[in-house]
Every structure is written in structure tokens, then in C-alpha cells.
Amino acid sequence: MADTDVVVIGAGVVGLAVARRLALAGLDVMILEAETNFGTATSSRNSEVIHAGLYYDGLPLKSSLCVSGRQMLYEYCARRNVPHRRTGKLIVAFTDQERGALDKILDHARVAGVDDLELLDGAQAREMEPELACAWALHSPSTGILDSYAFMLALLSDAEQAGACLVKRTGVSALSRHRDGDWLVFIDGERDAVLSTRLVVNAAGHGACALAAKTEGLDRNHVPRGYYARGSYFVYHGPVPFSHLIYPVPVPGGLGTHLTLGMTGSARFGPDVEWIDQLDYSVDPSRGDLFRAAAGRIWPGFRPDLLQPGYCGIRPKLGGRGAPPSDFVIQGPSAHGLAGLVALYGIESPGLTASLAIAETVASQLGASR
Ligand SMILES: Cc1cc2nc3c(=O)[nH]c(=O)nc-3n(C[C@H](O)[C@H](O)[C@H](O)COP(=O)(O)OP(=O)(O)OC[C@H]3O[C@@H](n4cnc5c(N)ncnc54)[C@H](O)[C@@H]3O)c2cc1C
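Everything numeric here is computed off the predicted structure, so don't read it as measured data.

Looking at the overall build of the protein
Then, in step 1: Looking only at helices and strands, the protein has nine helices and 20 strands in total.
Then, in step 2: On C-alpha atoms alone, the protein measures out to a radius of gyration of 21 Å, which is about the 21 Å that the 2.2 N^0.38 rule sets for 370 residues.
Then, in step 3: By residue count, 56% of the 370 residues in the protein fall in the buried class.
Then, in step 4: Summed over its atoms, the accessible surface of the protein is roughly 15,600 Å², and 50% of this surface lies on carbon and sulfur atoms.
Then, in step 5: For the protein, the centre of its 33 positive side-chain charges and the centre of its 39 negative side-chain charges are spaced 1 Å apart.

Okay, here's the thing in C-alpha cells:
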């Protein structure tokens, strides 16, 4: 007899969504989290944007899971009173080249099933946002924002009410197979602490590739290499005249330094893209000039002295600088051949938006119907 039906490794938004989904399916779920609380890594270091699903040309999982996850997320937030707002967003262009990028986004969005976009000229955009500078803008009405902490708290509460249990300060160091087919989960730093479980989900974010390398029987060809791309935010300590999120056209590695609004009315610019070799959550104040230039371009009334270093998140990338964008990897038994194991890699943006849809995919790969 295994100790539990499922061990979910990692209590970020994805691990919590998966744990909730599997607990609601009637399984006995244990969530193991290395840190002192849930959601302290990438899940609390992002833009908190509910993405519409505009950008993921050639990346079928990101594209489809963002669109379906966004619909599920709006419904969930409304049902569970998670603070959120359908702000809409404007992606702005100044040059002919950038206008071409808007056309590409528009084309892909239609293919992805996002058919509510509207291309505006500068005057039309300024009817919506009088203080905005741009020559053209793409309006996405289904983009929004949410309180990501409240969302994770709601997921955890659902999971716990369905019987799941979160164990903090409990890192997993390795996985191996028991001869009866169950999985053995080895706890970091505890020589004799081993749990047995029928099913395992590796949702360890930045730790996922390292743990996969210590998963007995997993062919190394199925273990991708992880890279880090830091995205810093600078906070604007003053009122902003915008009600929409304002984005530039995307840049390699990210969506461009945008203006995001928080649920409490705060405003921040970011994230930029900085390739780093190790996890390091410090924000370099000297990058402020790049942010001031980006902000001043879209908002002539912007006051540079009110912008201060804020926080950063680190994208769990599957390709390094210059590599083409990669898709989410959700690897179940049909991909790697090991029964009862699903591993998730490269869950960068739009992972928050897609989390509920990712959980459905994991449940289906584990054969856990409701
Ligand atoms: C700068 C930035 C901006 C973003 N903006 C958005 C956005 O606006 N909208 C959007 O939809 N998405 C956004 N994202 C993406 C989104 O934040 C992530 O996709 C999502 O948070 C990933 O969640 P996760 O649970 O996979 O990972 P994480 O939140 O990193 O959780 C993984 C957890 O696993 C734990 N862990 C690691 N190793 C172990 C181990 N061995 N044993 C036990 N526990 C372990 C960690 O402590 C951590 O708590 C952004 C990401 C970044 C970096």
C-alpha cells in the first residue's frame, strides 16, 4: 500500500492547480514544497496579467492552454471572489516595422481563436487613453489582471477542503521506482524520510530539470536543460492616467517592458530580459535608465524621478539567449514511458493564466477523471 495516491512536488500556482484538480477527482494528494510557504518563487514574481493568448505563434501548448486557461481563470475568479479586473490592454507601435509586428500578432491571434482584437490608429487609441503616445495600437479587451496570491490561496483552500495536504520546508531530492510500481520520493536532508506514492507530478519550476535528472529510469533524452532569464520591475510612485495595460511590441525573450496595473492601483514597468547563470533575485538599479526611456516613449507626461527599483522574477527558459521561443513541456507516460509520472518544464509566461488548463492536461495524462 502506498502512503498516498499522488505527490505533487512544488507549491507554485501550477502545483497548487494540479493538486486541487487531482484532489477534486477524489485522489489522496500530498503537496511537497521546499520553501517556508507556497508560491514564493516565480508565481509571486510576475506581472499578474491574465493574458488573452495573442503571442504564441508556433507554440501550440502555450497558445491553446492560454486561451482555455484564461476562460477558466475568469470563471474561477468570479466564482471564488478572487480579486481580478478585465482591464483590456493596448499594444502600441510607433514605426512601420512595429506596425508589421502588430499585424503578425493580429493574424496569429485569429488563428488561436482570439477574435476580439481591434487595430486602432493613434487618435482612436488616445480616445481610450488620452495621455498615450503611439502611431497605432492593438486593443485586446479580454486581457486582465488578478491578485495572484489570492488566487493561489483559493486553489490551496479548495485542495485542502478536498483532503489534500501541503507540507512546507520539504524539498524532494530524488525519485525512484519501487518494485511494485509505486514511486519512492526522497526528502532532501532527511536521510530516512521516504514517501511512497502511486503518482508523482514534478511541478518544481526552476527545480524541475534538476529533479528530473535524479529520477530513476527517466531517459536523459527526456530531461531538458533549463536557463534563466531575469525580468526586473520598476515601481512608479505616483498616479498613472491609464486604465488599460500598455505594452510595446514583444522583444526577444519577453513581451517588452510594459505598464502593468496592480489590483490596488499600483503601477509598475517591466519586465526586461537579462540572461543570468544562477538564481539571483536582486534588481540592478542601474537598469532604471532603460525603463525610464521605455516609459517616456509611451507616456510623454511620465516623471522619471518617481520610478524606483521594485522586484524581479526569473523565467524558467528551455533555450538560452538567441534560441527560438520554446513551448511548455508537459511530459507524461506516453512521452517518457514511465507510468504514474508527469513532469512540467519551461512553464514561463503565460503559466499563471494557463494554470487551470495545465492542471486539466496533467489530470488527463494521469488518467484522473473527475
Ligand atoms: C517576470 C515574469 C513575468 C510573468 N508574468 C506573467 C503574467 O503576467 N501572466 C502569466 O500568465 N504568467 C506570467 N509569468 C509566468 C508565471 O509566473 C509562471 O508560469 C508560473 O508562476 C509558474 O508556476 P510554477 O508553479 O510552475 O512555478 P513556481 O512558482 O516557480 O513554483 C515551483 C515551486 O517548486 C518549489 N520547488 C522547487 N524545487 C523543489 C523540490 N526539489 N522539492 C520541493 N519543492 C521544490 C519552489 O520552491 C516553488 O515554490 C511570468 C513569469 C515571469 C518570470
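Observations concerning the sheet that holds strand β8 (residues 144–146)
Then, in step 1: Read across the sheet, three strands follow the order β3-β8-β4 without closing on themselves; strand pairing throughout is antiparallel. The open sheet has two edge strands, β3 (49–50) and β4 (84–85), and neither has a second partner.

Section: helix α9 (residues 351–365)
Then, in step 1: Between its first and last C-alpha atoms α9 spans 18 Å; for 15 residues at 1.5 Å apiece the expected length is 21 Å, and the helix comes up short by more than 12%.
Then, in step 2: Along its length, α9 shows its largest kink, about 40°, at Ala357.
Then, in step 3: Here α9 lies mainly inside the structure; 12 of its 15 residues are buried.
Then, in step 4: Downstream of α9 by one or two residues, Gly367 has phi in the positive range, about 70°.

Considering the site of the ligand
Then, in step 1: What surrounds the ligand is a group of 39 residues, the closest being Glu33, Ser43, Val49, Ile347 and Thr353.
Then, in step 2: In the model, a nitrogen atom of the ligand is placed 2.9 Å from a nitrogen or oxygen of the Val49 main chain.
Then, in step 3: Note that an oxygen atom of the ligand is positioned 3.3 Å from one of the backbone N or O atoms of Leu352.
Then, in step 4: Burial of the ligand by the protein amounts to 94% of the accessible area it has alone, namely 1,000 Å².
Then, in step 5: Those elements giving two or more residues to the shell around the ligand turn out to be α1 (13–24), β18 (307–317) and α9.
Then, in step 6: Here the shell around the ligand is composed, by residue class, of 17 nonpolar, 16 polar and six charged.

Re the environment of Gly253
Then, in step 1: With respect to the element layout, Gly253 can be found in the loop between β14 (245–247) and β15 (258–261).
Then, in step 2: Taking the relative accessible area as the measure of exposure, Gly253 reaches 28% and is therefore partly exposed.
Then, in step 3: For the pair Gly253 and Ser47, spaced 206 residues apart in the sequence, the C-alpha separation amounts to 15 Å.
Then, in step 4: Among residues more than four places away in sequence, those in contact with Gly253 are Val273, Arg315 and Lys317.

As for the pairing of strand β5 (residues 89–93)
Then, in step 1: With five of five residues buried, β5 is to be regarded as a mostly interior element.
Then, in step 2: Alternating residues of β5 divide into Lys89, Ile91 and Ala93 and Leu90 and Val92, and every residue in both groups is buried.
Then, in step 3: Both β5 and strand β7 (residues 136–140) contribute to a ladder of five bridges, which runs antiparallel. Considered in β7, the bridge of Leu90 is made with His139.
Then, in step 4: Bridging between β5 and β14 involves three bridges; their strand directions are parallel. When the bridges of β14 are listed, Leu90 appears paired with Ile246.

Some thoughts on the side chain of Gln331
Then, in step 1: Within the secondary structure layout, Gln331 lies in strand β19 (residues 329–331).
Then, in step 2: Look at Gln331 and you get buried, because its relative accessible area is 9%.
Then, in step 3: Aside from chain neighbours lying at most four places away, what touches Gln331 is His222, His336, Leu341, Val342, Ala343, Tyr345 and Gln365.

Considerations on the pattern of salt bridges
Then, in step 1: Within the structure shown, the criterion is met by 15 salt bridges.
Then, in step 2: Here Glu274 ties to Arg287 by a salt bridge, and the two come within 3.6 Å at their closest N and O atoms. Residue Glu274 is located in strand β17 (residues 274–276), and its partner Arg287 is located in the loop between β17 and α7 (288–298); the two are separated by 13 residues in the primary sequence.
Then, in step 3: The exposure class of Glu274 is buried, given its relative accessible area of 15%.
Then, in step 4: Salt bridges linked by common partners bring Arg230, Asp272, Glu274, Asp280 and Arg287 together as one network.

Scoring rules and cut-offs
- Residues numbered from 1 in each chain as written.
- Predicted model: local features only at pLDDT ≥ 70, side-chain atom pairs only at ≥ 80, totals over all residues.
- Heavy atoms only, no water.
- Helix = DSSP H or I, 4+ residues; strand = E, 2+ residues; numbered from the N terminus.
- Rg over C-alpha atoms; globule rule 2.2 N^0.38 Å.
- Buried < 20%, exposed > 50% of the residue type's maximum accessible area, 1.4 Å probe, protein only.
- Areas by Shrake-Rupley, 256 points an atom, 1.4 Å probe, with all protein chains shown as cover.
- Lys, Arg positive; Asp, Glu negative; His and termini not counted.
- Charge placed at Lys NZ, Arg CZ, Asp CG, Glu CD.
- Pairing = 2+ DSSP bridges.
- Expected span 1.5 Å × (residues − 1).
- Bend = angle between axes of the 7 residues up to and from the residue.
- Near = heavy atom within 4 Å.
- Polar contact = N/O pair within 3.5 Å; in protein donor to acceptor, adjacent residues only side chain to side chain.
- Nonpolar A, V, L, I, M, F, W, Y, C, P; charged D, E, K, R; others polar.
- Contact = heavy atoms within 4.5 Å.
- Salt bridge = Lys/Arg side-chain N within 4 Å of Asp/Glu carboxyl O.

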